[in-house]
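Structure assessment
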Amino acid sequence: MGKLVKRYSRSFNARLWVILPLVAVLAVACGSADEPAAAPASEAQEAAPTATFAPQMIPAATSAPAEAMAQPEAPAQGAGGSSGADTSSQAAPAPTAAPAPTAAPPAADPAKNHAVVVTEAEPASVGAWSEGCSAEIHSMGCQDFVTDFLTWLDDRTAEIVPLSGVVDWEQIDIDRWQFNLRDGVKFHNGAPWNAAAAKYGIEYNAFPDNPSASVTWTGPDMTAEVIDDLTVHAVCPNPCPIYPRTALFADFQDPVWFESIKDDDEARSTNTIGFGPYKIIEHTGGVKTEFEAYEDYLPNENWFSQMPTIQYLTHTWRAEATVRAAMIRTGEAHWAADIGFEEAETVSKTVSGKTAEVYTLVFDTVFHEELAKQKVRLALSHAVDCQTMLDSFFNGQIPCHQAISMKGTVGITDANSAPREYNPELAMQLLAEAGYNPDNEININTRPGSNIRGEEILESVVQSWREIGVNANLNSFGDLGAARELQISGCGRFSGEPDYQAAMDCADRDPPGPAFVSSHAYEVATSNEILDMQRFNNSRLSCFSRSSRHCTAEFEAWKTEANSIPEGPERTKAMEEIADFAYEQAIFLPFFEVVYVYGLADDIDWQPYYAPRLRGNTLRFTE
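Quick caveat: nothing in here was measured; it's all calculated off a predicted structure.

So, about the packing of aromatic side chains. Scanning the model with the defined rule gives 35 aromatic pairs in all. Plain terms: the ring middles of Trp129 and Phe258 are 4.9 Å apart, the flat faces sit at 90° to each other, and that makes the pair edge-to-face. Placement of Trp129 in the loop between β1 (114-119) and β2 (152-154) and of Phe258 in helix α6 (residues 255-260) is noted, with a sequence separation of 129 residues between them. Like Phe258, Trp129 is buried. Here Tyr200 and Tyr204 contribute two aromatic rings whose centre-to-centre distance is 6.3 Å and whose plane-to-plane angle is 10°, an arrangement assigned as stacked. Here Tyr200 pairs with Tyr204, and both are found in helix α3 (residues 195-204), just 4 residues apart, close to one helical turn. When its relative accessible area of 2% is taken as the criterion, Tyr200 is described as buried. Residue classification places Tyr204 among the buried residues on the basis of a relative accessible area of 5%. Taken together, the ring pairs in this structure connect Phe149, Trp152, Trp217, Phe249, Phe304, Tyr609 and Tyr610 into an aromatic cluster. When the ring centre of Phe494 is taken as reference, the NZ or CZ atom of Arg509 above it lies at 4.9 Å. Positioned above the aromatic ring of Phe149 is the side chain of Arg613, whose terminal nitrogen or guanidinium carbon lies 5.2 Å from the ring centre.

Below, the structure is given as structure tokens:
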């Protein structure tokens with residue numbers, strides 16, 4: 001088949017236009033910093049981001065291809081998995097050592113070479129391919145600081161663009177994309193970035209049993225083929241017309257180093273050997289992580305691939321928004337995530353924006369006897385007066401939104417995101433019709449600090465459920481790791497077991513590990529950076545995702561067909577039908593689109609991304 005799409009896609013623009021104006025309004029409404037002036041293209045590394053939407057210039061590969069690195073052993077695959085091109089005849093080099101830790105950063109201020117950022121939770125890991133490295137903001141230290149991804153969404157231009165390791169890409173078949181890699185890029189330990197490393201990462205990121213934040217975006221069981229040292233093909237098991245847009249979380253580490261410590265989980269979880277703008281120099285569990293600007297980072301002209309201007313970053317965490325705001329006021333921190341509307345009034349400089357997240361309860365429709373019943377789930381939804389509840393907590397500033405993904409997502413409409421009628425009488429009738437057994441508890445599982453006013457919201461929901469006769473309780477886990485174990489004990493855990501891919505019989509099995517129990521209703525601020533229902537088709541609605549509590553063979557076939565449709569009216573219609581199904585079946589109980597208020601030190605210049613992300617190299621001190 002001839003080449004279908006040349007270079008990187010600009011088809012994302014239409015749906016991002018829905019979000020960009022609102023983000024800009026929120027940023028201006030809550031920010032006290034002046035809008036930065038536009039800068040000439042030649043000054044992109046020194047100027048703050050502008051509101052321009054001109055396409056970014058992408059540099060070509062530099063110099064001659066580096067000498068090819070021998071192929072590392074392919075990442076583990078399940079039954080029926082393929083490792084792509086045959087590499088058995090090549091000898092692997094000796095493992096490249098991880099860089100030795102350097103001295104912790106000095107307590108700089110006069111030179112403005114050290115900034116402290118604070119989030120609501122400690123990351124469960126700072127290893128990019130370890131359990132606990134997620135798509136949440138507190139995982140910046142295992143992703144956005146230290147790795148560069150296969151693709152990136154530039155929310156200033158509405159373009160899918162390369163970061164430092166990629167020149168460009170093109171679709172060469174319905175299930176195959178060619179990526180041309182950038183010469184001269186090196187991992188933090190000096191190992192070369194090339195097609196062999198890209199192949200390893202693409203495949204590792206796409207196997208359900210591996211701890212990766214990417215698999216639910218791209219879909220499972222991707223393979224890759226090395227064409228030459230700087231050319232790799234990403235091969236999908238099914239047609240993948242929007243693959244570059246779904247590869248926003250496909251990150252990379254030196255595969256030789258990673259294989260050399262395959263039996264050392266601690267080593268894998270306490271370091272990341274990527275080629276991002278910062279490298280880890282020290283991780284102190286329970287306290288902080290220290291980063292240093294990567295001196296050999298190769299920036300391109302995209303704002304998100306610029307060279308860092310702050311030499312050292314420290315990431316720390318505090319659960320309470322009041323404490324995070326206080327750290328900004330006292331100068332203990334320079335950037336604070338999600339301090340909330342109330343604390344914004346106590347900080348002299350803030351910016352605000354949407355996060356591509358929806359605060360949601362995920363119902364366990366597979367392993368929980370009562371939540372497997374549609375009418376019980378509908379009853380729980382009708383029992384909650386969503387808008388009145390939110391008005392009481394957010395002073396009327398946040399509307400109720402009851403779709404799993406935010407407005408602007410392909411598939412989300414006014415109808416399938418509308419608040420359900422608050423009707424306790426109908427809720428009790430539905431419980432009776434479903435044969436609800438009050439001996440079976442229906443609990444909500446959460447953790448402190450997961451969202452501003454989150455515990456209060458969920459306490460209100462539990463009370464509403466009790467008022468219609470439901471035996472309900474709120475369980476708040478004390479740490480992120482324990483809460484995450486429950487969330488990732490879903491159907492995808494069976495992916496590597498014999499016959500599961502054909503049977504998709506998740507509901508006939510006992511709950512898998514690491515929790516081995518029903519998750520009841522767990523809360524999450526679930527994000528959708530690609531703004532397409534494919535994200536949730538592959539994650540919270542899939543037999544092959546660890547975060548899914550929904551699984552039927554019929555739905556798998558349906559969503560696979562929908563995912564295969566190119567962008568356009570036909571795809572939009574198919575995704576709307578799936579979103580309608582999720583709404584009608586009450587698989588989720590969403591509440592609102594999440595808005596973050598970020599606290600900034602007076603001498604920090606930064607604008608929020610459209611998603612809860614922080615690229616450390618976009619943070620800078622003012623002159």
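From this point, things continue past the structure.
Both strand β6 (residues 223-228) and strand β7 (residues 231-235) contribute to a ladder of 5 bridges, which runs antiparallel. Looking at the pairing, Thr223 lines up with Val235 of β7. Hairpin remark: β6 followed by β7, antiparallel, with 2 residues in the connecting loop.

This part takes up the pattern of salt bridges. The final tally for this structure, using the stated rule, is 26 salt bridges. A salt bridge links Arg176 to Glu225, with the shortest nitrogen-to-oxygen separation between them at 2.9 Å. Here the residue Arg176 occupies a position in strand β5 (residues 176-181), and Glu225 occupies one in strand β6, the gap between them amounting to 49 residues. On the accessibility criterion, Glu225 (24% relative accessible area) is partly exposed. For the salt bridge of Lys186 with Asp296, the shortest nitrogen-to-oxygen distance reads 3.5 Å. Here the residue Lys186 occupies a position in the loop between β5 and α3, and Asp296 occupies one in the loop between β9 (288-293) and β10 (312-317), the gap between them amounting to 110 residues. Judged by its relative accessible area of 32%, Lys186 is partly exposed.

Before going further, it helps to spend a moment on the side chain of Glu370. Tracing the backbone through its elements, the reader meets Glu370 in the loop between β12 (350-363) and α10 (374-382). The contact partners of Glu370, leaving out residues within four places of it in the chain, are Val376, Gly435, Tyr436, Asn437, Asn440 and Ile442.

Our next topic: the sheet that holds strand β16 (residues 588-600). One open sheet holds the 10 strands; their spatial order is β8-β9-β10-β1-β11-β16-β12-β15-β13-β14, and the pairing between them is mixed. Edge positions in the sheet fall to β8 (278-284) and β14 (474-476), since each has one partner strand and no second. In this structure, β12 lies alongside strand β15 (residues 521-527), joined through 7 bridges in antiparallel fashion. Bridge pairing in β15 places Thr360 opposite Val524. Strands in contact with helix α13 (residues 454-467) are β12, β13 (444-446), β14, β15 and β16; relative to β12, the strand with the most contacts, it is inclined by about 30°.

In the structure shown here, the tally under the stated rule is 9 cavities of 30 Å³ or more. Of the volumes computed, that of the largest cavity is approximately 390 Å³. Lining the largest cavity are 25 residues; nearest its centre among them are Ser134, Arg484, Arg535, Arg540 and Ser547. Mapped by element, the contributors of at least two residues to the lining of the largest cavity are α4 (215-218), α14 (480-487) and β15. By residue number, the principal contributor to the lining of the largest cavity is β15, which donates 5 residues. Of the residues in the lining of the largest cavity, the class split is 10 nonpolar, 9 polar and 6 charged. The wall of the second largest cavity is formed by 16 residues, among which Glu136, His138, Arg447, Ser450 and Ala525 lie closest to the centre. Going through the elements one at a time, β12, α14 and β15 are the ones with two or more residues in the lining of the second largest cavity.

Take the packing of helix α11 (residues 386-394) against α13 next. Axis separation between α11 and α13 bottoms out at 11 Å; the angle between their running directions is 145°. In this structure, the crossing between α11 and α13 has a hand that is right-handed. Note on element contacts: α13 touches α11 through Glu456, Ile457, Ser460 and Val461, opposite Met389, Leu390, Phe393 and Phe394. Class assignment of the residues belonging to the contact of α11 with α13 gives a composition of 6 nonpolar, 1 polar and 1 charged.

In terms of nonpolar packing, the biggest core is built from 66 residues, with Trp335, Trp465 and Phe591 touching the most fellow members. Counting residues per element, this core draws most heavily on β16, which supplies 7 residues. Apart from the residues lying within four places of it in its own chain, the contact partners of Phe591 are Tyr359, Leu361, Val384, Cys386, Met389, Leu390, Pro399, Cys400, His401, Leu458 and Val461. Core analysis: the next-biggest nonpolar cluster, separate from the first, contains 57 residues, Ala224, Val232, Leu248 and Ala356 among them.

All of the buried residues along helix α12 (residues 424-434) are Pro424, Ala427, Leu430, Leu431 and Ala434. Down the axis of α12, the sector holding all buried residues measures 115°, keeping them to one side. Seen from the open side of α12, the exposed residues pointing more than 90 degrees away from its buried face are Glu425 and Ala432. Taken from the residues just after α12, Gly435 is the one with a positive phi, measuring 70°.

Attention now goes to the state of the cysteines. Evaluation of the coordinates by the stated rule reveals 5 disulfides. The partner cysteine of Cys236 in its disulfide is Cys240, sulfur to sulfur 2.0 Å. Taking the torsion about the sulfur-sulfur bond, which here is approximately 85°, the covalent link between Cys236 and Cys240 counts as right-handed. On the accessibility criterion, Cys236 (6% relative accessible area) is buried.

This next bit is on the packing of helix α17 (residues 553-563) against helix α18 (residues 569-584). Across the interface, α17 lies against α18 with an axial gap of 9 Å and an inter-helix angle of 150°. Judged by the inter-axis angle, α17 sits roughly antiparallel to α18. Taken as a pair, α17 and α18 cross one another with a handedness that is left-handed. Here Phe555, Trp558, Lys559, Ala562 and Asn563 of α17 lie close against α18, whose contacting residues are Arg571, Ala574, Met575, Glu577, Ile578 and Phe581. Looking at the contact of α17 with α18 residue by residue, the class counts come to 7 nonpolar, 1 polar and 3 charged.

How each quantity is defined
- Residues numbered from 1 in each chain as written.
- Predicted model: local features only at pLDDT ≥ 70, side-chain atom pairs only at ≥ 80, totals over all residues.
- Heavy atoms only, no water.
- Phe/Tyr/Trp six-rings, centres within 6.5 Å; stacked < 30°, edge-to-face > 60°.
- Helix = DSSP H or I, 4+ residues; strand = E, 2+ residues; numbered from the N terminus.
- Buried < 20%, exposed > 50% of the residue type's maximum accessible area, 1.4 Å probe, protein only.
- Lys NZ or Arg CZ within 6 Å of the ring centre and 35° of its normal.
- Pairing = 2+ DSSP bridges.
- Salt bridge = Lys/Arg side-chain N within 4 Å of Asp/Glu carboxyl O.
- Contact = heavy atoms within 4.5 Å.
- Axes fitted to C-alpha atoms, helices over the stretch in contact; angles between N-to-C directions.
- 1 Å grid on protein atoms, 1.4 Å probe; cavity = no way out; pocket = protein on both sides within 12 Å on 5 of 7 lines; lining within 4 Å.
- Points joined across faces, edges and corners; volume = space filled by probe spheres on them.
- Nonpolar A, V, L, I, M, F, W, Y, C, P; charged D, E, K, R; others polar.
- Left-handed = near helix turned anticlockwise from the far one by under 90°.
- Core = buried A, V, L, I, M, F, W, Y, C linked by side-chain atoms within 4.5 Å.
- Arc of directions from axis to C-beta.
- Disulfide = S-S within 2.5 Å.
- Parallel < 35°, antiparallel > 145°, perpendicular 65-115°, else oblique.

These values are about where atoms sit, not about what they do.
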